[in-house]
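Chain by chain, the residues run as shown.
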Amino acid sequence: MIRTLNVMLVVTSIAALVGVYALKYTVEDTAAEKTAIQRQIERQQADLSLLKADWAFLNQPANVAPIVTRHVAELNLQPLAQEQFGRFESLPMRMRAPDSSALDSLFEALDSGIDPIQQLITEAE
């Protein structure tokens, strides 16, 4: 009986030892994979930073102006005119208060079962 118990404990210990080593190597592989991914992210962030710097340099007016002057005819570019910009006075003003009579008639129509949107759709057809 004690011999059987000792054999079972040794087998259980060996199984636990194998399980712990397998877990250890799995964790080490996961840590190595995490480190590799972090290095890749850092490289990509460095590349992105370099690309942003290049983009900022290439978008400077001093670099863009010669290209624009070279391709004015192909792009059909023309200088801006003052008339292209709107005026503040041309914007419609907000109503001071909602039209309560129109809202009341809308709610009355909805309460009576008349759908004004459906009427507009059928009139348009």
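Here, every reference points to the structure presented above.
Residues numbered from 1 in each chain as written. Predicted model: local features only at pLDDT ≥ 70, side-chain atom pairs only at ≥ 80, totals over all residues. Heavy atoms only, no water.

## Re the overall build of the protein
- For the protein, the helix and strand inventory stands at five helices and zero strands.
- Against the globule reference of 14 Å for 125 residues, the protein gives a C-alpha radius of gyration of 38 Å, more extended than a compact globule.
- Overall size of the protein, expressed as C-alpha extent along the three principal axes, is 100 × 65 × 35 Å.
- Expressed as a percentage of the 125 residues in the protein, the buried residues total 1%.
- Surface exposure of the protein reaches about 12,100 Å², of which carbon and sulfur atoms provide 64%. (Helix = DSSP H or I, 4+ residues; strand = E, 2+ residues; numbered from the N terminus. Rg over C-alpha atoms; globule rule 2.2 N^0.38 Å. Buried < 20%, exposed > 50% of the residue type's maximum accessible area, 1.4 Å probe, protein only. Areas by Shrake-Rupley, 256 points an atom, 1.4 Å probe, with all protein chains shown as cover.)

## Here we look at a negative patch on the surface
- Judged by side-chain charge, D99, D104, E108 and D111 come together as a negatively charged surface patch.
- By relative accessible area, E108 is classed as exposed at 56%. (Patch = residues over 30% accessible without salt bridge, like charges linked within 9 Å, V, L, I, M, F, W, Y side chains within 5 Å. Salt bridge = Lys/Arg side-chain N within 4 Å of Asp/Glu carboxyl O. Lys, Arg positive; Asp, Glu negative; His and termini not counted. Charge placed at Lys NZ, Arg CZ, Asp CG, Glu CD.)

## Some remarks on the pattern of salt bridges
- Tallying each qualifying case throughout the model produces two salt bridges.
- Note that E28 is salt-bridged to K24, the shortest N-O span being 3.7 Å. Placement of the pair is E28 and K24 together in helix α1 (residues 2–58), with a separation of four residues, close to one helical turn.
- Given a relative accessible area of 41%, E28 falls into the partly exposed group.
- Of the charged contacts in the structure, one is a salt bridge between R87 and E89, with a shortest N-O distance of 3.8 Å.
- By relative accessible area, R87 is classed as exposed at 60%.

## Details of unusual backbone geometry
- For N76, which is not a glycine, the phi torsion comes out positive at approximately 55 degrees.
- Note on placement: N76 falls in the loop between α3 (72–75) and α4 (100–111).
- Exposure remark for N76: the relative accessible area of 57% places this residue in the exposed category.

## Here's the deal with the environment of E123
- Tracing the chain through its elements places E123 in helix α5 (residues 116–124).
- Taking the C-alpha atoms as reference, E123 lies 49 Å from A73; in sequence the two are 50 residues apart.

## Observations regarding a nonpolar patch on the surface
- A grouping of V68, V72, L75 and L77 is seen on the molecular surface, where their side chains present a nonpolar patch of about 300 Å² in accessible area.
- Here L77 lies in the loop between α3 and α4.
- Taking relative accessible area as the criterion, L77 reaches 40% and is therefore assigned partly exposed.

It is worth stressing that arrangement in space is one thing and function is another; only the former is reported here.
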